[in-house]
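Take a look at the letters that make up each chain.
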Amino acid sequence: MSATSDLDAVQRRLTGIRRAAGRQWALVAGSLGLLVLALFACRVLLGDYTVTVPDFFRLLAGENIPGARFIVMESKLPRALMGLLTGLSFGAAGAVFQTMLRNPLASPDIIGVSLGSSAGAVIAIVLIGGTGALVPVAALIGALVVAAVIFLLSRHQSTAGIRMVLVGIGVAALLQAVVVQLLSRTDIYRANDALQWIVGSLNGATWERLALLGLGLVLVAPFLAAWGRRLRILPLGDDLAAGLGLDVERTRLALLVVGVALTAFPTAAAGPISFIALLSGPIARRLNGGRATIVIAALVGAAIVLAADYAAAYLIPGTVLPVGVLTGGLGAPFMLWLLLSRRAGASEG
């Protein structure tokens, strides 16, 4: 009887912990959702040309307000939507890679996936003279090729997660050299065209690019929902995950493809906006009590991109910086902090 009572007490405690975690998740996700909505509204309504909320809805309804229609519908709104979608996608990709590989530094921009997209786009522009839809397609192909190389070189290893990070860093260094070499041998006009695919910018946001990005994310979403549930088991370690009935190699391959797609589509639309994937995962973990969550990481990514794009546009009067410049400046010290904190933790352990 005592054993039964103890078991019931443990079950009640576990249920209470799960409910508390669920309430915290809902609170954090709801708060971040409101923050993202507020930042989105600021990016659309405020700035050099301000628009009232009633006028914005009149524009959405199709009414023609002289001057405002072009600025809002062809510039501000596409840019804000591009920032929203790229932030959500990069944030989710960061959470997938970092949780799958059990390393907060294992973001797609660190292990070479983003650089694969950049290299594909730069090769298409410089060597083929590609323009239009060819460049985003080349960026997608570049990311997929890099991901395949990383996976093939790190499979069938007991430390596959760590090996994948190290292989990715090496591939990223090689791709960086390739991109620099190509740019040094081309003319200034092609180099200028390739700049977006190196730095990351929302300046080229159009409804056509938004449609392609939105379609890509809609196609990826069901796979993310299906395989994302298994992402909670991989941090337990390969042996324990396999003991629980998980096909570790197949799961890691599927999540790798999902993470690459979440990185490649926004990179093909806006270029590799630096460090969004790296920043989002650890911030989401801290907000959610140390637990990994793709949804919260995606919302954090969207908030960072929208805030950084607004700051990049108005931080220096008369100068519009690419959003990737600002996020790169924020992300570099954050990465150093992550490295130092992990080293300190290892020393204490």
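Everything numeric here is computed off the predicted structure, so don't read it as measured data. (Residues numbered from 1 in each chain as written. Predicted model: local features only at pLDDT ≥ 70, side-chain atom pairs only at ≥ 80, totals over all residues. Heavy atoms only, no water.)

J.: Break down the overall build of the chain for me, with residues and values.
T.: In terms of helices and strands, the chain carries 14 helices and zero strands. Along the chain, from the amino end to the carboxyl end, the secondary structure elements read α-α-α-α-α-α-α-α-α-α-α-α-α-α. Considering only contacts within the chain whose residues lie at least 6 apart along the sequence, 75% involve residues at least 24 apart. Accessible surface computed for the chain: about 17,300 Å², of which carbon and sulfur atoms make up 67%. (Helix = DSSP H or I, 4+ residues; strand = E, 2+ residues; numbered from the N terminus. Contact = heavy atoms within 4.5 Å. Areas by Shrake-Rupley, 256 points an atom, 1.4 Å probe, with all protein chains shown as cover.)

J.: Requested: an account of the confidence of the model for the chain, with residues and values cited.
T.: Looking at the chain as a whole, the pLDDT averages 82, with 90% of positions reaching at least 70. Scored below 50 in pLDDT, residues 345–349 makes zero contacts in the model with residues more than four places away or belonging to other chains. (pLDDT = per-residue confidence, 0-100.)

J.: How would you summarise a nonpolar patch on the surface if you had to cite specific residues and measurements?
T.: Nonpolar side chains collect at one region of the surface, where I123, L127, I128, L134, L174 and V178 lie side by side and expose about 550 Å² of accessible area between them. On the basis of relative accessible area, I128 is assigned to the exposed category, the value being 61%. (Patch = residues over 30% accessible without salt bridge, like charges linked within 9 Å, V, L, I, M, F, W, Y side chains within 5 Å. Salt bridge = Lys/Arg side-chain N within 4 Å of Asp/Glu carboxyl O. Buried < 20%, exposed > 50% of the residue type's maximum accessible area, 1.4 Å probe, protein only.)

J.: Outline the environment of T206, supporting the account with residue identities and numerical values.
T.: By the element assignment, T206 lies in the loop between helix 8 (196–199) and helix 9 (207–228). According to the relative accessible area criterion, T206 is partly exposed, its value standing at 31%. Between the alpha carbons of T206 and L77 there is a distance of 9.4 Å; along the sequence they are 129 residues apart.

J.: Describe in detail helix 5 (residues 134–154), supporting the description with residues and values.
T.: Over its 21 residues, helix 5 extends 31 Å from the first C-alpha to the last, a length consistent with the 30 Å expected when each residue adds 1.5 Å. Within helix 5, the full set of buried residues consists of V135, P136, A138, A139, G142, A143, V146, A147, I150, F151 and S154. (Expected span 1.5 Å × (residues − 1).)

J.: Give a description of the packing of aromatic side chains that names residues and reports values.
T.: Within this structure, the stated rule accounts for two aromatic pairs. With centroids separated by 5.7 Å and ring planes inclined at 65 degrees, the aromatic side chains of F56 and F57 adopt a geometry described as edge-to-face. Centroid distance Y310 to Y314: 4.9 Å. Interplanar angle 55 degrees. Geometry classified as tilted. Of the two residues, Y310 and Y314 both sit in helix 13 (residues 294–314), four residues apart, roughly one turn of that helix. (Phe/Tyr/Trp six-rings, centres within 6.5 Å; stacked < 30°, edge-to-face > 60°.)

J.: Report on the nonpolar core, specifying residues and quantitative values.
T.: Within the largest apolar cluster, 100 residues are counted, with the highest numbers of intra-cluster contacts made by V44, M82, F97, M100, L101, L256 and L262. Ranked by the residues each element gives to this core, the list is headed by helix 3 (residues 68–101), at 15 residues. (Core = buried A, V, L, I, M, F, W, Y, C linked by side-chain atoms within 4.5 Å.)

J.: Give a description of the environment of A302 that names residues and reports values.
T.: Along the chain, A302 falls in helix 13. Setting aside residues no more than four positions away along its own chain, A302 makes contact with V36, L84, G87 and L88.

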